[in-house]
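Chain residues, written in single-letter form:
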Amino acid sequence: MRALCWLGADGLGVREVPDPELRNSSDAIVRVRRSSTCGADLPLLGGRGPSLTVGDVLGHEFLGDVVEVGPGVRRHRVGDRVVVCAVVSCGSCWYCRQGRYACCDNGSTGTAVAEQAWGQPVGGCYGQPRSAGGFAGSHAEYVRVPYADVGAFAVPDPVDDDRAVFASDAVPTGWLGAELGEVCPGDVVAVWGAGAVGQMTAQAALLRGAARVVVIDRYPDRLRSAERHVGAETLDYRVTDVVAELRERSGGRGPDVCVEAVGMAWDGTGSRSLADLFAAAGRAGAVPDRPIAVREAVHACRKGGTVVVLGTFTGFVDTFPLGAVMHKGLTVRSSRQHGQRWIPMLLDRMARGEIDTGHLATHRLPLEQGAHGYDLFRERADGCLRAVFTP
Amino acid sequence: MGSGTRGARAVARTAGAMAAGAVAAVTAARALRGPGRANRSRTAGPDRGDRWQVVTVDRPPERVLPGGRRPEPLRRLGDGVDVALRPAPGGRGTELAARSAGGGPLTGPAAHLVGDDPGLLIRETLRQVKQLAETGELLRPDRSPLDGPARG
Ligand SMILES: NC(=O)c1ccc[n+]([C@@H]2O[C@H](COP(=O)([O-])OP(=O)(O)OC[C@H]3O[C@@H](n4cnc5c(N)ncnc54)[C@H](O)[C@@H]3O)[C@@H](O)[C@H]2O)c1
Ligand SMILES: [Zn+2]
Ligand SMILES: [Zn+2]
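Residues numbered from 1 in each chain as written. Chains lettered and ligands numbered in written order. Predicted model: local features only at pLDDT ≥ 70, side-chain atom pairs only at ≥ 80, totals over all residues. Heavy atoms only, no water.

## A closer look at helix α9 (residues 242-249) of chain A
All names here are of chain A. Operational definition: The cut-offs for exposure are 20% and 50% of the maximum accessible area for each residue type, with area from a 1.4 Å probe on protein chains only; residues under the lower value are buried, those over the upper are exposed, and the others partly exposed. Comment: elements are numbered from the N terminus, with helices defined as DSSP H or I runs of at least four residues and strands as E runs of at least two. By construction, the arc corresponds to the directions joining the helix axis to the C-beta atoms. Only heavy atoms matter for contacts: two residues are in contact if any of them lie within 4.5 Å across the pair.
Every buried residue of α9 is listed here: V242, V243 and L246. Buried residues of α9 fall within an arc of 95° about the axis and therefore sit on the same side. As for α9, its buried residues are in contact with β10 (188-192), β11 (212-217), β12 (233-236) and α11 (292-300). Just past α9, the residue G251 takes up positive phi, approximately 60°.

## Topic: the interface of chain A and chain B
Here is the rule we go by: What counts as buried area is the accessible surface, traced by a 1.4 Å probe, that two parts surrender upon association, with contributions from both included. One side-chain nitrogen of Lys or Arg within 4 Å of one carboxyl oxygen of Asp or Glu is enough to make a salt bridge. Definition of a polar contact: a pair of N or O atoms within 3.5 Å, with one able to donate and the other able to accept a hydrogen when the atoms are protein atoms, and with sequence-neighbouring residues admitted only if both atoms are side-chain atoms.
In this assembly, 25 residues from chain A lie in contact with 21 residues from chain B. Across the interface of chain A and chain B, roughly 2100 Å² is buried in total on both sides, 43% from carbon and sulfur atoms. Between D105 of chain A and K130 of chain B there is a salt bridge; the shortest N-O distance is 2.7 Å. Inspection of the region where chain A meets chain B yields 19 residue pairs in polar contact (both at pLDDT 80 or more).

## Describing the coordination of the zinc ion (ligand 3)
Residue and element names in this part refer to chain A. Condition: Counted as coordinating are nitrogen, oxygen and sulfur atoms within 2.8 Å of the metal, or 3.2 Å for Na, K and Ca, while water is not included, which may make sites look incomplete. In short, tetrahedral needs four donors with all angles between 85 and 135 degrees, square planar needs four and octahedral six donors with opposite donors over 155 degrees apart and all other angles between 65 and 115, and whatever is left is irregular.
With distances of 2.3 to 2.5 Å, the protein atoms coordinating the zinc ion (ligand 3) are C90 (SG), C93 (SG), C96 (SG) and C104 (SG). Metal-centred angles of 100 to 119° between the 4 donor atoms at the zinc ion (ligand 3) mark the site as tetrahedral. Residue classification places C93 among the buried positions, given a relative accessible area of 0%.

## A closer look at the sheet that holds strand β3 (residues 94-100) of chain B
Residue and element names in this part refer to chain B. Worth spelling out the cut-off: In this scheme, strands are said to pair when DSSP sees at least two bridges between them. Note on geometry: axes are lines fitted to C-alpha atoms, helical ones only across the stretch in contact, with angles between N-to-C directions running from 0 to 180 degrees.
Taken together, 3 strands build an open sheet; the order of strands is β1-β3-β2 and the sheet is antiparallel. At either margin of the open sheet sits one strand with a lone partner, and together these are β1 (53-57) and β2 (81-87). Strand-to-strand twist across the sheet, computed as the mean angle between neighbouring axes with direction ignored, equals 20°. One ladder, built from 5 bridges, connects β1 with β3; its direction is antiparallel. Its bridge partner being in β3, Q53 is matched across the sheet by A98.

## Some remarks on the pattern of salt bridges
Residues and elements named next belong to chain A. Overall, the coordinates contain 34 salt bridges over all chains when judged by the stated rule. In this structure, R163 and D356 form a salt bridge, with 3.7 Å as the shortest nitrogen-oxygen distance. One end of the pair, R163, is in helix α5 (residues 161-164); the other, D356, is in the loop between α13 (339-352) and β16 (363-366), and 193 residues separate them in sequence. D256 is the salt-bridge partner of R302, the closest N and O atoms lying 2.6 Å from each other.

## Quick notes on the packing of helix α6 (residues 170-180) of chain A against helix α7 (residues 196-207) of chain A
All names here are of chain A. To keep it simple, the criterion reads: Any angle between 65 and 115 degrees counts as roughly perpendicular, while under 35 counts as roughly parallel, over 145 as roughly antiparallel, and the rest as oblique. Throughout, a crossing is termed right-handed when the near helix is turned clockwise from the far one, and left-handed when it is turned anticlockwise from it by less than a right angle. Polarity classes work like this: nonpolar for Ala, Val, Leu, Ile, Met, Phe, Trp, Tyr, Cys and Pro, charged for Asp, Glu, Lys and Arg, and polar for all others, with Gly in that last group.
Across the interface, α6 lies against α7 with an axial gap of 7 Å and an inter-helix angle of 50°. Here α6 lies oblique to α7, going by the angle between them. You can see that α6 and α7 cross each other, and the crossing is right-handed. Here A170, V171, T173, G174, W175, G177 and A178 of α6 come into contact with α7, specifically with A196, V197, M200, T201, A204, A205 and L207. Among the residues making up the contact of α6 with α7, the classes are represented as 10 nonpolar, 4 polar and no charged.

## Things to note about the domain arrangement of chain A
All names here are of chain A. Operational definition: Domain delimitation in this document rests on an assignment produced automatically or drawn from a domain database.
What the domain assignment reports for chain A is domain 1 (2-169 + 337-390) and domain 2 (172-334). Put simply, the middle of domain 1 and the middle of domain 2, counted by C-alpha atoms, are 25 Å apart. Counting from both sides, the interface comprises 33 residues of domain 1 and, opposite them, 26 residues of domain 2. Buried surface at the junction of domain 1 and domain 2, summed over both partners, amounts to about 2500 Å²; 63% is from carbon and sulfur atoms. Taken together, the links from domain 1 to domain 2 amount to 1 salt bridge.

## Digging into the site of ligand 1
Residue and element names in this part refer to chain A. Note the following rule: Being near a molecule or strand, for a residue, comes down to having at least one heavy atom within 4 Å of it. Here the Shrake-Rupley method, with its probe set to 1.4 Å, supplies the accessible areas, and only the displayed protein chains count as covering residues.
Lining the immediate surroundings of ligand 1 are 28 residues, of which D217, T312, Q337, R380 and R386 lie closest. Here an oxygen atom of ligand 1 sits 2.8 Å away from a polar atom, N or O, in the main chain of G39. S335 places a main-chain nitrogen or oxygen 3.0 Å from a nitrogen atom of ligand 1. Considering ligand 1 on its own, with 870 Å² of exposed area, one finds that the protein chains cover 93% of that surface. For the shell around ligand 1, the elements supplying multiple residues, two or more each, are α7 and β11. Taken domain by domain, the shell around ligand 1 gets at least three of its residues from each of domain 1 (2-169 + 337-390) and domain 2 (172-334).

## Side note on the nonpolar core
Residues and elements named next belong to chain A. Selection criterion: Among the buried residues, those of types Ala, Val, Leu, Ile, Met, Phe, Trp, Tyr and Cys that are joined through side-chain atoms within 4.5 Å form a nonpolar core.
Ranked by size, the top nonpolar core spans 50 residues in total, and within it V83, F166, V189, V213, V215 and L347 carry the most contacts. Secondary structure elements with two or more residues in this core: α6, β10, α7, β11, α8 (220-230), β13 (257-260) and α13. Three or more residues apiece are contributed to this core by two domains, here domain 1 (2-169 + 337-390) and domain 2 (172-334). Apart from residues lying up to four places away in sequence, V83 is in contact with F62, L63, G151, A152, F153, V155, A164, V165, A167, S168, I343 and L347. Grouped together as the second largest cluster of nonpolar side chains are 23 residues, V82, C96, V150 and A152 included.

## Here we look at the pairing of strand β4 (residues 61-69) of chain A
Residues and elements named next belong to chain A. Examined bridge by bridge, strand β3 (residues 28-36) and β4 share 8 bridges and lie antiparallel to one another. Across the sheet, residue S36 finds its bridge partner in β4, namely E61. In this structure, β4 lies alongside strand β5 (residues 81-84), joined through 4 bridges in antiparallel fashion. Looking across to β5, one finds that F62 is bridged to V84.

## Considering the coordination of the zinc ion (ligand 2)
Residue and element names in this part refer to chain A. Ligation of the zinc ion (ligand 2) by protein atoms is provided by C38 (SG), H60 (NE2) and D169 (OD), these donors lying 1.8 to 2.3 Å from the ion. Sequence spacing of the donors to the zinc ion (ligand 2): C-x21-H-x108-D. Taken together, the residues span a long stretch of sequence, with C38 in the loop between β3 and α1 (41-45) and D169 in the loop between α5 and α6 at a distance of 131 residues. Just as C38 is buried, D169 falls in that class too.

What follows is the structure, given as C-alpha cells:
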C-alpha cells in the first residue's frame, strides 16, 4: 500500500510499504478515508522527543471503513464507517474502567521508553516513533486498529468525513480541556493556541456555559477562524499584553480557567525571556522545552483557578512559575485525551450541529501531496489550520 | 543510605504481608522467606535484583494465577523466581509480585536477558501476566519492514 513516510533528511514522502495485518484477535483493519495533521506531529518532525526511524508512517487522527476484523471483534463489521480514537487503550484495565483511557496499562508495546521517561507505561498512539509506540500511522491506505471494539466508533450518517475525522483527536481533546477545567456557567476562560485543539476547547467551554472565552494566538487567520466559527473573543499576543488584557476582560480577577493548547516550541519561535537565558546559561547540550504559554496561563489565572495543560510535552521544562501556583492556590491539571469516553456523545453533538468542525479541514489533499500538506501546516501558510489527506 | 534503609523496610513489609497475606496462593519454587531475611541492612545503590517487582492486576487472584499455577510468561523464568500475590486495596484487583529467588541474581535461561537492570525482565514478565489476565492476549506491535517478509 501507499503511505506517507518519514524519510530522514529528505523529509516526508509517499512510499510503498507492506499492508498492515491483523496481529491480535481484537484488531480491525481500516481503509482510511481521511487522515489529518495534528500539532503533535510537529515536534516529532522537528526532532524533539523520541526519534523517528526512516520509514515510520505518521498520522493518528483518522476515519475510514472497516475492511477486516479479528475473531474477537464484536461491535464492528466489515463496511462500518468508523472514526478511531488517536489514543490506543485496552478498555479492560483499571484505568480504562475509570474512564482514564489515555493512562491505559495495556495500550502500548513500547513500554520501555515510557517507563524511562515517565516511570509508567501509558496508552499507545498511532504514528509514533517505533520505539515509543508499535502502531503505524494513519497517513496510509490502510491502518491496523488494535482493541477495535474500544477505540473505533460508528459515525452517524449526517456527519460527513471531513467533519467526523476530528472526533478522533481535536474534538475530544478540547472536551477534555473544558472538563479538566471544570468550566461552569459564568466562567471566564482563556485558551492559548488557536489551532484545532484550542478552538475545540473554546467551543467546549462555551457549551458548558462559559460567559466569556478568549483565544490567544499570533496568526490572524486562526484568530478570525476562532471568532467566526466558534464565537470566541481573541487576542493577538504579538501586539497585546495578554495578561493585562485578560485581567481587564475578567474584572481584574483573571480568568477562572486557563487552558494551554500550544505545546512545545518546536520551531524556536517565541522570545527568550530572562528566565530562559538564566536557565540556558547553566547548561550545555540538550535544551529543555520552554513552556511559554503555560507560564503565561499561570500568571494570568485568578486565585484558586485552574490551569489545564493540553499541549504535548515529552520531557522537562525550565523556569516553571511554581511560586505563583503556590501563592495563588492554583490547580494545575493535564492529560492526554480519553476519547473513548466521549466520542459517541461528541459525534451526536456534531450530528446535531452543536459542535462544528466544518472549518478545521482548511486543506484537503490527496495523500500523494502529504509532504506539501505538512509544509503548509508547519508554516501556518495560506490559513492552514489542518491539512487532511485522502489516500 | 537513609533511603536505602527505608527501601529495605518497605521490602520487608511487602514480603511480610505477602508471606502472611490472606491469599496464600504463593507458588514460589522456594518458599518466601520471612521479614527477618528481608530486614537485613542494605546499602544504598542500584537494586541488585532482590527488590520485589510488583504489578497490580485488575482481576481477582484466581484469574491472575489460574489454578494456583504460574502462567506461561512466568514459567519461562524457571525456578529461580519467587512469586507472591495478595488482594489490592480499594477493590483494585490483585497485587502480583516476583523477584529472583532468595534475592540472588537470576540464573538459567533468564540470566542472559537481564542486562544491568535485574528488575527489567521480571517487570516485563509481570506486565505480560497482567495483560493476559486483563485482555486475554499480549498486544503485538505492527509488523515492521525490518521483520522481513510475511509468511504466506
Ligand atoms: N492532550 C492531548 O491528548 C492532545 C491531543 C492532541 C493534540 N495535543 C497537543 O495540543 C497542542 C495543540 O494542538 P494543535 O493541533 O491545535 O496544534 P497547532 O500546532 O495547530 O496549534 C498550536 C497553536 O499555538 C499557537 N501558539 C504558539 N505559541 C503560543 C503562545 N505563546 N501563546 C499562544 N498561542 C501560541 C500557534 O501559533 C498555533 O496556532 C499541541 O501541543 C498538540 O501536541 C494534545
Ligand atoms: Zn493529535
Ligand atoms: Zn486499559
